[in-house]
Amino acid sequence: MDANADEATDIAREGHRAYERGDYTKACRLFRLAADQGDAESQNKLGLMYERGCGVGQDYAEACRLYQLAADQGHARAQCNLGLMYERGHGVGQDYVEACRWYQKAANQGYARAQCNLGFMYEKGCGVGQDHTEAYRLFRKAADQGHVGAQCNLGTMYEGGRGVGRDYVEACRWYRRAAVQGNADAQCNLGLMYEEGCGVKQSDVEACRWYRRAAVQGNADAQCNLGLMYEGGRGVGQSDAEACRLFRLAADQDNALAQLNLGTMYGEGRGVEQDHREAYRWYRRAADQGDADAQCALGLMYKMGLGVERSDAEACRLFRLAADQGNALAQLNLGAMYGEGRGVE
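Everything numeric here is computed off the predicted structure, so don't read it as measured data.

(A) Main features of unusual backbone geometry. Phi is positive for D254, close to 70°, though the residue is something other than glycine. On the secondary structure map, D254 appears in the loop between α14 (240-251) and α15 (256-268).

(B) Here's a closer look at the packing of aromatic side chains. Within the structure shown, the criterion is met by three aromatic pairs. When the centroid spacing of 5.7 Å and the interplanar angle of 85° are considered together, the rings of Y136 and Y158 count as edge-to-face. Here Y136, found in helix α8 (residues 132-143), pairs with Y158, found in helix α9 (residues 148-160); they are 22 residues apart in sequence, far enough to count as distant. No difference in accessibility class separates Y136 from Y158, as the two residues are buried. Pairing Y280 with Y302 gives two aromatic rings, centres 5.9 Å apart and planes at 75°, and the pair type is edge-to-face. Of this pair, Y280 sits in helix α16 (residues 276-287) while Y302 sits in helix α17 (residues 292-304); the two residues are 22 residues apart in sequence, bridging distant segments of the chain.

(C) How the structure looks around the environment of D221. For D221, the location among the structural elements is in helix α13 (residues 220-232). Looking at D221, the relative accessible area reads 46%, which means it is partly exposed. On a C-alpha basis, the gap between D221 and M301 in space is 26 Å, while along the polypeptide they are 80 residues apart. Apart from the residues lying within four places of it in its own chain, the contact partners of D221 are C188 and N255.

(D) Local environment of helix α2 (residues 24-36). If you check α2, its first and last C-alpha atoms are 18 Å apart, about what 13 residues at 1.5 Å a residue would give, namely 18 Å. The complete set of buried residues in α2 reads A27, C28, L30, F31, A34 and A35. After α2 finishes, the residue G38 shows a positive phi value of roughly 90°.

(E) Geometry of helix α3 (residues 40-52). For α3, built from 13 residues, the straight-helix expectation of 18 Å at 1.5 Å per residue is met to within 8% by its first-to-last C-alpha distance of 18 Å. Burial within α3 is extensive, with 11 of its 13 residues counted as buried. Among the residues of α3, A40, S42, Q43, N44, K45, L46, G47, L48, M49, Y50 and E51 are the ones counted as buried.

Rules used throughout
Residues numbered from 1 in each chain as written. Predicted model: local features only at pLDDT ≥ 70, side-chain atom pairs only at ≥ 80, totals over all residues. Heavy atoms only, no water. Helix = DSSP H or I, 4+ residues; strand = E, 2+ residues; numbered from the N terminus. Phe/Tyr/Trp six-rings, centres within 6.5 Å; stacked < 30°, edge-to-face > 60°. Buried < 20%, exposed > 50% of the residue type's maximum accessible area, 1.4 Å probe, protein only. Contact = heavy atoms within 4.5 Å. Expected span 1.5 Å × (residues − 1).

The structure is reproduced here in structure tokens:
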């Protein structure tokens, strides 16, 4: 190693110490000095600070430039970071193929985060042909290194039987490994397995325990699921008020099921004062996301003129949207509208 490289390494170490102290301005200055001398770790670290706007103004293009410099030197974390920028279209045009190319380079070096990200791309068929077997293989490699997100993803593969034989017990094992490390998605998924008795002994109390751990982290699915447990008094004392509070937390994050449930609570005056206009508002938000139950409920409000001006034509339109998704109640209501000649020609 030459003197310049030694100097860059020393500067980078001092930059890391400044970063750990929270002195981001000094850290940026030092990382820049080392980066200008070609230190790949400093280029990657400085890129991360530009990406996050930490100690400098947020600048995705500059972050990408720095990640590229480090990635071209074979720096695995920078390769993964650059892939993520291409996946999200931050600082570069969104390009899933290019994202996968960089993820692959980092994954080939054994970098767990890149293996997980690339596995996700294979699972969804983004930038590569959809291949659940390859997704499973990559998730497994990352999970075995302790990557929490990959452990959760591996659980979903076992639960759904995608890329591997369906195995609820194995799904729960991987969910639990991620859940005890605080992964909210895994906590929610494990809660659902307890609620349904899949891979574990059915336990509403245990389901609520895991839903609650995820809900306090802001996981919308868990908030909604826990709200349903309070509504039904399963695993917890029955409380419509607490159910509404949880539904609202999830609904504000655009969780369609929570919006539907909150609309129902307003429509029936449970846990909140009855308010058909508010029920309409929440049904509308869920219906606009394509939720068939909400479309049907909204159709009934138009049919009866509850919380909105009566309109048989709009009721039929909404019933049809839900009916086309196989919603039996909407199909029944649409049939009745045809039978009565209301809202249809």
